[in-house]
Amino acid sequence: FFDFYLEFKHSVKKTLRLDRNLPAVRGAPADYSLAFSTMIRYATVAMKDSVPKELYISTELENGQICVKIQNRGGAMSDDLKRLLLDETQRHAPSLSGTGERELLWGFLLLRKWSACFDISSDNDFNAISVLIPPCRG
């Protein structure tokens, strides 16, 4: 994915810090792939007009949960979109106008199906989406 879009390949500083010793998670790999690709795509759009363009993705075990964090230096997410994404009762995609917002909501819904929880924050010029996923038990 990182090398598919030329602007992304050449213009974005990408840092990956992946813990390869994390436990397995329940769920369909296709669901995770689609959901995380929507988050990465949303981050690339948020960075479109930013200088510098930076994307940081990490995985780690945090309080017994697998944490996937996607951070970018770009435009901050609106408070309305944050509320919509974090609303656990949300089951449909209302009319969203921003590029990738509807897809991002669908990505959250896919992961919520596998008991994922989310945090969205902005700090030190970085915007972050953190996904906490329970590991498989037994």
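Computed from a prediction, not measured in an experiment: that's the story for all the values here. (Residues numbered from 1 in each chain as written. Predicted model: local features only at pLDDT ≥ 70, side-chain atom pairs only at ≥ 80, totals over all residues. Heavy atoms only, no water.)

Where strand 1 (residues 13-17) lies against strand 2 (residues 54-62), five bridges are found, and the strand directions are parallel. What sits directly across from Lys-13, in strand 2, is Glu-54. With helix 2 (residues 29-46) bridging strand 1 and the parallel strand 2, this β-α-β connection has left-handed handedness. (Pairing = 2+ DSSP bridges. Helix = DSSP H or I, 4+ residues; strand = E, 2+ residues; numbered from the N terminus. Right-handed = clockwise from strand over helix to strand, strands pointing away.)

Tallied over the entire structure, the rule returns two aromatic pairs. Relative to Phe-36, the ring of Tyr-32 lies with its centre 6.5 Å away and its plane at 15°, an arrangement referred to as stacked. Note that Tyr-32 and Phe-36 are positioned in helix 2 at a spacing of four residues, about one turn of the helix. Using a relative accessible area of 9% as the deciding quantity, one classes Tyr-32 as buried. Ring plane angle 20° and centroid distance 4.1 Å describe the contact between Phe-108 and Phe-118, whose orientation is recorded as stacked. Of the two residues, Phe-108 is situated in helix 4 (residues 101-112) and Phe-118 in strand 4 (residues 117-123); the sequence distance between them amounts to 10 residues. The class for Phe-108 is buried, based on a relative accessible area of 0%. (Phe/Tyr/Trp six-rings, centres within 6.5 Å; stacked < 30°, edge-to-face > 60°. Buried < 20%, exposed > 50% of the residue type's maximum accessible area, 1.4 Å probe, protein only.)

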